[in-house]
Each structure stands twice: as C-alpha cells, then as structure tokens.
Amino acid sequence: MLTQTITLDLLNKIPEEAAVVRAGETGRKIRFVAINSATEDPVDLSSFDIDYNLYKPDGNFITDTVYADSDGSVTIQFTEQMTASEGSGRMDLKLTDSDGILYTCHAVILFDTP
C-alpha cells in the first residue's frame, strides 16, 4: 500500500501539503516526520509520547496512541472506520516530551471519492 510523507512543524504551522486518502480505502499509510521550523532541524519523534485525534468529515473523531518508528517518524495506517466518509478532515498529533511539554501539530486529510 502506498505511503505518503507529511512534514509536521513543532511550532504549529499547518503543512502546505495535505494527505490524500480515498474514502473507504483501508491500509493506506501516512508517514509523519517533524521539524523545528525555528532551526529547520529534524525532530526524532521517538522521544515523545504521541496521541492523535482524527476529525472526520462526518463530524466524528477517532483518538489513539501511536509510537515512533525506528527512524524517528510516525506511520499511521488508515482503517475502514477512519475513511468511512468523503470530504476534508484534520489530524492533530499531540506530542508530549519528557518534561511534560505538549506540542500539537496539525495535518489536513482529504478523503477523496473512490
């Protein structure tokens, strides 16, 4: 299954690129990498506790906890429940560091027609 990579900014800027998932598609993966836009340095997400909220086009949302991959990125695989409706949605990744500081990064998710 195809994987799309989206770069997240720890300083909370919304990425210019939207993730595109077909409505009803399962198995699609979105890989998130992070940078600190103040320095343009990559951020290893393995040092964070990571939760996400997926706000679906139908008004419902899904919450889950994810873990970083060995390369410091996060990959989320979309399920049928996540892609059940068409339209525009949003994913918020909530990153908590070891000092308890919370960073929230946003990504636009477009649920396209099959």
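Note that this is a predicted model, so its numbers are computed, not measured. (Residues numbered from 1 in each chain as written. Predicted model: local features only at pLDDT ≥ 70, side-chain atom pairs only at ≥ 80, totals over all residues. Heavy atoms only, no water.)

## A word on the sheet that holds strand 2 (residues 19-22)
Stated precisely, the cut-off is as follows: Criterion used throughout: strands pair if DSSP finds at least two bridges between them. Secondary structure elements are taken from DSSP: a helix is a run of H or I of four residues or more, a strand is a run of E of two residues or more, and numbering for both begins at the N terminus. As a rule, the C-alpha atoms of each element are fitted with a line to give its axis, helices using only the stretch in contact, and angles between N-to-C directions run from 0 to 180 degrees.
Strand order in the open sheet formed by five strands is 2-9-8-5-6, with mixed pairing between adjacent strands. Of all strands in the sheet, those with a lone pairing partner are strand 2 and strand 6 (61-66), marking the two edges. Neighbouring strand axes in the sheet, compared pairwise and without regard to direction, differ in orientation by 25° on average. Direction of pairing for strand 2 relative to strand 9 (residues 102-112): parallel, over a ladder of four bridges. Directly across from Val-21, in strand 9, lies its bridge partner Phe-111.

## So, the packing of aromatic side chains
The cut-off we apply is this: Pairing of aromatic side chains here covers Phe, Tyr and the six-membered ring of Trp, requires ring centres within 6.5 Å, and sorts the geometry by plane angle: under 30 degrees stacked, over 60 edge-to-face, intermediate tilted. Here the term buried applies to any residue with accessible area under 20% of the maximum for its type, exposed to any over 50%, and partly exposed to those in between, with areas from a 1.4 Å probe on protein chains only.
On inspection of all chains with the given rule, the structure shows three aromatic pairs. Ring geometry for Tyr-55 and Phe-61: centres 5.7 Å apart, planes at 35°, overall tilted. Taking the relative accessible area as the measure of exposure, Tyr-55 reaches 29% and is therefore partly exposed. Aromatic pair Phe-78 and Phe-111: ring centres 6.5 Å apart, planes at 65°, arrangement edge-to-face. With Phe-78 in the loop between strand 7 (74-77) and strand 8 (87-96) and Phe-111 in strand 9, this residue pair connects regions lying 33 residues apart in the sequence.

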